[in-house]
Amino acid sequence: SPGIDVRFAYEGYRDFADLKEGQKYYTIDFETDLDLFKSKLDEIKAIGGGDDAEDVAGGLNAGLNMNWRSNARYAILIADAPGHGNQYHDAEVQDDYGNGDPNGLDLEDLMKKYVENNINLCLTRIDNYTDTMYKKLMLTFIKESKLSKNKPEIQLVEYCWRSGILVRLRSKEL
């Protein structure tokens, strides 16, 4: 449509143990050319595999540094593993950094920054490994959003691969 500037971006992240395999972050900053964006996505290869927990905090932090210029701001976190820190997962999750992110990043502080930057956030649930983390992120985001003049929203989206059913829970429904 004329006058609508739709831009796509991607922030991929790897865990600390995977640095020897390649670059830690893979950034495709906001792009209007969808075909170019798709071709850049096609270049990304999944690698690594140390502990179960991942550098979710580093990925979210890198996402804040993108060229956000629109008033309509939406980020989607797709994670199959929780972030580092025992508070973000159950005991059966192996975490080499159980005391938290080795760079000092805190997921709840990052949620505050997403709210401050008026970025709506969609958390995509693939499996139950992320449940504890997503609950903490949602509670922090909702609390901070109530205090913010911007009132961004957070959503939890679950896609059931077997049935093809998409379930969405918005912050207003909690």
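The structure presented is a predicted model; accordingly, all values stated were derived computationally and were not measured. (Residues numbered from 1 in each chain as written. Predicted model: local features only at pLDDT ≥ 70, side-chain atom pairs only at ≥ 80, totals over all residues. Heavy atoms only, no water.)

Undergrad: In this structure, what is going on with the environment of Asn 103? I would like to understand it.
TA: Along the chain, Asn 103 falls in the loop between β3 (74–79) and α3 (107–116). In this structure, the C-alpha to C-alpha distance between Asn 103 and Gly 58, residues 45 residues apart in sequence, is 8.4 Å. (Helix = DSSP H or I, 4+ residues; strand = E, 2+ residues; numbered from the N terminus.)

Undergrad: Where do I start with the pairing of strand β4 (residues 120–125) in this structure?
TA: Along any regular strand the residues' side chains alternate between the sheet's two faces. Taking burial as the measure, the six residues of β4 include six buried ones, the bulk of the element. With six bridges connecting them, β3 and β4 associate as parallel partners. When the sheet's bridge partners are listed, Ala 79 is paired in β4 with Arg 125. Viewed along the sheet, the connection from β3 through α3 into β4 turns out right-handed. (Buried < 20%, exposed > 50% of the residue type's maximum accessible area, 1.4 Å probe, protein only. Pairing = 2+ DSSP bridges. Right-handed = clockwise from strand over helix to strand, strands pointing away.)

Undergrad: Sorry if this is basic, but what is going on with empty space enclosed by the protein here?
TA: In total, this model carries one cavity of 30 Å³ or more according to the counting rule given. Within this model, the largest cavity holds a volume of roughly 40 Å³. Taken together, His 89, Asp 90, Glu 92, Val 93, Asn 128, Tyr 129 and Thr 132 make up the lining of the largest cavity. Residue composition of the lining of the largest cavity, by class: two nonpolar, three polar and two charged. (1 Å grid on protein atoms, 1.4 Å probe; cavity = no way out; pocket = protein on both sides within 12 Å on 5 of 7 lines; lining within 4 Å. Points joined across faces, edges and corners; volume = space filled by probe spheres on them. Nonpolar A, V, L, I, M, F, W, Y, C, P; charged D, E, K, R; others polar.)

Undergrad: Would you mind going over the pattern of salt bridges with me for this structure?
TA: Where side chains of opposite charge bring their charged atoms close, a pairing between them can arise. Tallying each qualifying case throughout the model produces four salt bridges. A salt bridge links Lys 40 to Glu 31, with the shortest nitrogen-to-oxygen separation between them at 3.8 Å. On the accessibility criterion, Glu 31 (15% relative accessible area) is buried. Its salt-bridge partner being Asp 109, residue Lys 112 comes within 3.8 Å of it at the nearest N-O pair. (Salt bridge = Lys/Arg side-chain N within 4 Å of Asp/Glu carboxyl O.)

Undergrad: Hey, could you run me through the environment of Arg 73 in this one?
TA: With respect to the helices, strands and loops of the structure, Arg 73 is situated in the loop between α2 (56–64) and β3. According to the relative accessible area criterion, Arg 73 is buried, its value standing at 17%. The sequence separation of Arg 73 and Asn 120 amounts to 47 residues, and the corresponding C-alpha distance is 5.9 Å. A polar atom in the side chain of Arg 73 sits 2.7 Å from the backbone oxygen of Ser 70. (Polar contact = N/O pair within 3.5 Å; in protein donor to acceptor, adjacent residues only side chain to side chain.)

Undergrad: Whenever I open this one, the packing of α3 against helix α4 (residues 131–147) confuses me. Can you help?
TA: The axes of two packed helices give the description: the angle between them and the distance between them. It is the contact of α3 with α4, at a shortest axis distance of 9 Å, that shows an interaxial angle of 40°. When the interaxial angle is binned, α3 and α4 end up oblique. As for how α3 packs across α4, the hand of that crossing is right-handed. Contact residues: Leu 107, Glu 108, Met 111, Lys 112, Tyr 114 and Val 115 in α3; Met 133, Lys 136, Leu 137, Thr 140, Phe 141, Glu 144 and Ser 145 in α4. In the contact of α3 with α4, the residues fall into seven nonpolar, two polar and four charged. (Axes fitted to C-alpha atoms, helices over the stretch in contact; angles between N-to-C directions. Parallel < 35°, antiparallel > 145°, perpendicular 65-115°, else oblique. Left-handed = near helix turned anticlockwise from the far one by under 90°. Contact = heavy atoms within 4.5 Å.)

Undergrad: Please clarify how unusual backbone geometry should be interpreted in this entry.
TA: Most peptide bonds take the trans configuration, and most residues that are not glycine carry a negative phi. Despite not being glycine, Asn 118 shows a phi value in the positive range, around 55°. With respect to the element layout, Asn 118 can be found in the loop between α3 and β4. Under the relative-accessibility criterion, Asn 118 is labelled partly exposed at 21%.

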